[in-house]
Amino acid sequence: MKEEKVPMSARELTDSARAMRVIAALFGFAAVALGAFGAHALRGTLSSLGTVETWTTGSIYHLVHAAVLTVIALAYPGARISFWLFVAGIGLFCGSLYVYAVTGSKPVAMLAPVGGACLLAGWLALAWRGGRGR
């Protein structure tokens, strides 16, 4: 009698999906925490630097894309390329906006376009995957 084996790709997909769900939840938590931190604890600093809008933009993009990460992790765990592009985009785009908003560091702000490109690529990868019907 032949032993049925679960294909490695299915096992890896399950482990990957589990990790993706945890990462998505942590990114969502961080989005809410950083949004609140900016609105309350950093209000004076951001106001004095004139960067409230920059922090807000980072927070909005962070939260929206954390929600997208959650949808991918729950409904489309095979869309790993999109998922990781969004992770990179959140880190680079939102992260650089957060750091710039607090420090005013122009070199750090130069990472925002790279992060934005990752977010755009994530959306295109998701569209491409959806168009393939898988």
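None of these values were measured; they are calculated from a predicted model.

### A few points about the packing of helix H3 (residues 52-75) against helix H6 (residues 112-131)
Then step 1. As a packed pair, H3 and H6 sit with axes 13 Å apart at the nearest point and diverge in direction by 30°. Taken together, the axis directions place H3 and H6 in an arrangement best described as roughly parallel. H6 is crossed by H3, and the crossing has left-handed handedness. Note on element contacts: H6 touches H3 through Leu119, Trp123 and Leu126, opposite Tyr61, His65, Val68 and Ile72.

### Structural notes on the pattern of salt bridges
Close approach of charged atoms allows side chains with opposite charge to pair.
Then step 1. Using the criterion set out here, one finds one salt bridge in the structure.
Then step 2. Across the salt bridge formed by arginine 18 and aspartate 15, the nearest N and O atoms sit 3.2 Å from each other. Of the two residues, arginine 18 and aspartate 15 are both situated in helix H1 (residues 8-39); the distance of three residues between them amounts to about one turn of the helix.

Reading the values: the criteria
Residues numbered from 1 in each chain as written. Predicted model: local features only at pLDDT ≥ 70, side-chain atom pairs only at ≥ 80, totals over all residues. Heavy atoms only, no water. Axes fitted to C-alpha atoms, helices over the stretch in contact; angles between N-to-C directions. Helix = DSSP H or I, 4+ residues; strand = E, 2+ residues; numbered from the N terminus. Parallel < 35°, antiparallel > 145°, perpendicular 65-115°, else oblique. Left-handed = near helix turned anticlockwise from the far one by under 90°. Contact = heavy atoms within 4.5 Å. Salt bridge = Lys/Arg side-chain N within 4 Å of Asp/Glu carboxyl O.

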